[in-house]
Amino acid sequence: MRSAHWWLTCFEVQIGLRQKGATDMIIHSSPDTCHWGYFDAQRAPVAQIESGQEVTINTVSGAPQVLPDEGFYIPPELLEIHAAGPPPMPGHILTGPVAVQGAEPGDVLQIDILEVGLRQDWGYNFINPLSGTLPTEFDRFHKTVLPLDGDRGIATMPWGLELPLAPFFGVMGVAPPAAWGRISTIEPRVHGGNLDNKELVAGTTLYLPVFVEGALFSCGDGHGVQGDGEVCVTAIETALQGRFRLTVRKDLDVTYPEAETPGHLITMGLHADLDRAVEIALRRMIAVVEREVGITRAEAYMLCSLAGDLRITQTVNREKGVHMMMAKTHLGTPRVY
């Protein structure tokens, strides 16, 4: 197991290298740069960048009861955030928001996820009574601390299984409409937020509609790895560092979260009723295929049936998630946007 000093030294070296870059801004997680449990359009940005600029964002995760025993590296700012008091509402610790110059309501924020890396040598998973996909079948709190090996890219399960890591941010979102006021980070909504989409690893792109000036992007809820569904409520929750390129797009008609991987376009559906979430993701993919390929709506519906893959994103965030994936090769272009 790596010592706490090794992790801190390695992290400081990474930051030193990043600061030597010409275009990158670094936002450290701290009580001043993190908001715990909520999105709010009235929250002041902690930084401002130009459209197309890269930004590195450090995140932390977890309440005091999920901390590990001695022997693991705990980012000191996580303890400082805990010492500042409990969150105003249950939810995730997010770093941000970051304002992007030129972003206005009606625009789209293109979030290129360039790098995602571990910031600590452990993650946690918990099962809570009355939560998850089987809320009444586990009647006590279970917490498991899982060692993470960043060099090998694996987590070690309690029974010895080495599980490959695929880190991503469960929460990436812009500020919601101002009229919504302060909202929980738990439910994913049209502004993004707690999407918990395991496809959004490094090398992929997320598109979110903008509702307020500056867009106000925040992220957190770092996951070491997660299955589709996230059925027990948590993935391997951990602290991550992400490098993003944030670009304002005024030429896109995206009014709901969409994404793309190197090989696929992804539409999403979010609703308390899983059937409705399926319908939303499907209708949005039909519209994309119809527009991009230039075929009829019936033909697009047919292609979705023959070549589209509907997947359950998560079933645990009150607003459930479904995403549909369509290979870009079926759309006649290597990149949709």
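Remember, it's a predicted structure, so these values are computed and weren't measured experimentally. For every chain, the first residue of its written sequence is number 1, and the numbers climb from 1 along that sequence. Since the coordinates come from a predicted model, pLDDT governs what is reported: local features require at least 70, and pairs of side-chain atoms require 80 or more to be given and counted, while whole-chain, interface and lining totals use all residues. Note that the side-chain values use all heavy atoms of the structure and ignore hydrogens as well as water.

1. Things to note about the overall build of the protein chain
Runs of E in the DSSP output that reach at least two residues are strands. Runs of H or I that reach at least four are helices, and both are numbered from the N terminus. Helix and strand counts for the protein chain come out as four helices and 21 strands. Here the C-alpha radius of gyration of the protein chain, 20 Å, is about what a compact globule of 337 residues would show, namely 20 Å. Taking the principal axes of the C-alpha coordinates as reference, the protein chain spans close to 60 × 50 × 40 Å. Looking at the protein chain as a whole, 53% of its 337 residues are labelled buried. In this description, contact between two residues means that some pair of their heavy atoms is separated by no more than 4.5 Å. Restricting the contact set of the protein chain to residue pairs at least 6 apart, pairs at least 24 apart contribute 76%. In this setup the radius of gyration rests on C-alpha atoms only. A globule is expected at 2.2 Å times the number of residues raised to 0.38. Per-residue accessibility, obtained with a 1.4 Å probe over protein chains only, is compared with the maximum for each type, and a residue is labelled buried under 20%, exposed over 50%, and partly exposed between these values.

2. Some details on unusual backbone geometry
The omega torsion across Gly96 and Pro97 is 5 degrees, close enough to zero to call that bond cis. Note on placement: Pro97 falls in strand S6 (residues 93-100). For Ala215, which is not glycine, the phi torsion reads 70 degrees and is therefore positive. Topologically, Ala215 is positioned in the loop between strand S15 (204-209) and strand S16 (217-223). A relative accessible area of 0% means that Ala215 is categorised as buried.

3. Quick look at the packing of aromatic side chains
Any Phe, Tyr or Trp ring, taking Trp's six-membered ring, that has another such ring centre within 6.5 Å forms a pair; planes under 30 degrees apart are called stacked, those over 60 apart edge-to-face, and the others tilted. Applying the stated rule across the entire model yields five aromatic pairs. With a centroid separation of 6.2 Å and an interplanar angle of 5 degrees, the aromatic rings of Tyr124 and Phe126 are classed as stacked. Judged on exposure class, the residue Tyr124 and its partner Phe126 are both buried. Plain terms: the ring middles of Phe169 and Phe244 are 5.5 Å apart, the flat faces sit at 45 degrees to each other, and that makes the pair tilted. Highlighted residues: Phe169 in strand S12 (residues 168-173) and Phe244 in strand S17 (residues 240-249), separated in sequence by 75 residues. By relative accessible area, Phe169 is classed as buried at 2%. Feature note: the residues Trp122, Tyr124, Phe126 and Phe141 constitute an aromatic cluster, connected by ring pairs. Over the face of the ring belonging to Tyr38 we find Arg182, whose NZ or CZ atom lies 3.7 Å from the ring centre. Either the NZ atom of lysine or the CZ atom of arginine qualifies as a charge over a ring when it sits within 6 Å of the ring centre and within 35 degrees of the ring normal.

4. Focus: the side chain of His92
Within the fold, His92 resides in the loop between helix H2 (76-83) and S6. With relative accessibility at 16%, the residue His92 sits in the buried group. Whenever a nitrogen or oxygen atom comes within 3.5 Å of another N or O atom, the pair is scored as a polar contact, on the condition that within protein one atom can donate a hydrogen and the other can accept it, and that pairs from neighbouring residues in sequence are kept only if both atoms are in side chains. Side-chain polar atoms of His92 contact the side chain of Thr185, separated by 2.7 Å. Discounting chain neighbours no more than four positions away, the residues touching His92 are His35, Trp36, Gly37, Val171, Thr185, Ile186, Asn194 and Asp221.

5. Some remarks on the sheet that holds strand S8 (residues 122-127)
Criterion used throughout: strands pair if DSSP finds at least two bridges between them. The antiparallel open sheet is built from four strands, whose spatial order is S8-S9-S10-S11. Because the sheet does not close on itself, it has two edges, and the strands there are S8 and strand S11 (162-164). In this sheet, adjacent strand axes meet at a mean angle of 30 degrees when their direction is disregarded. Inspection of the sheet shows S8 paired to strand S9 (residues 142-149) by six bridges, in the antiparallel sense. Looking across to S9, one finds that Gly123 is bridged to Leu146. The axes used here are C-alpha line fits, helices contributing only the stretch in contact, and every angle between their N-to-C directions lies in the interval 0 to 180 degrees.

6. Things to note about the sheet that holds strand S20 (residues 309-314)
Reading across from one edge, S1-S5-S17-S7-S15-S18-S19-S21-S20 is the order of the nine strands in this open sheet, with mixed pairing throughout. Two strands close off the open sheet at either side, each with one partner strand: strand S1 (25-27) and S20. Neighbour-to-neighbour, the strand axes of this sheet turn through a mean angle of 25 degrees, independent of strand direction. Strands strand S18 (258-260), strand S19 (264-271), S20 and strand S21 (320-327) of the sheet are contacted by helix H3 (residues 274-294), whose axis makes an angle of about 145 degrees with S19.

7. Examining the pairing of S6
Put simply, side chains in a regular strand alternate between the two faces of the sheet. Of all eight residues that make up S6, eight are buried, and the element is covered over most of its length. Where strand S2 (residues 34-36) lies against S6, three bridges are found, and the strand directions are antiparallel. The partner of Trp36 across the bridge, within S6, is Ile93. Pairing of strand S4 (residues 47-49) with S6 involves three bridges; the strand directions are parallel. Paired with Ile49 across the bridge in S6 is Val100.

8. Concerning the confidence of the model for the protein chain
In the predicted model, the protein chain carries a mean pLDDT of 93, and the fraction of residues at 70 or more is 92%. Low pLDDT, under 50, characterises residues 1-22; the predicted model gives this stretch 31 contacts beyond four residues in sequence or across chains. Values of pLDDT, the confidence the predictor places in each residue, fall between 0 and 100.

9. Quick look at the pattern of salt bridges
Where charged atoms of side chains with opposite charge meet at close range, the side chains can pair. By definition, a salt bridge exists where a carboxyl oxygen of Asp or Glu is found within 4 Å of a side-chain nitrogen of Lys or Arg. Overall, the coordinates contain 17 salt bridges when judged by the stated rule. Notably, a salt bridge pairs Lys328 with Glu260, separated by 2.5 Å at the nearest N-O pair. Here Lys328 is found in the segment after S21, whereas its partner Glu260 is found in strand S18, with 68 residues between them in sequence. One exposure class covers both Lys328 and Glu260, and it is buried.

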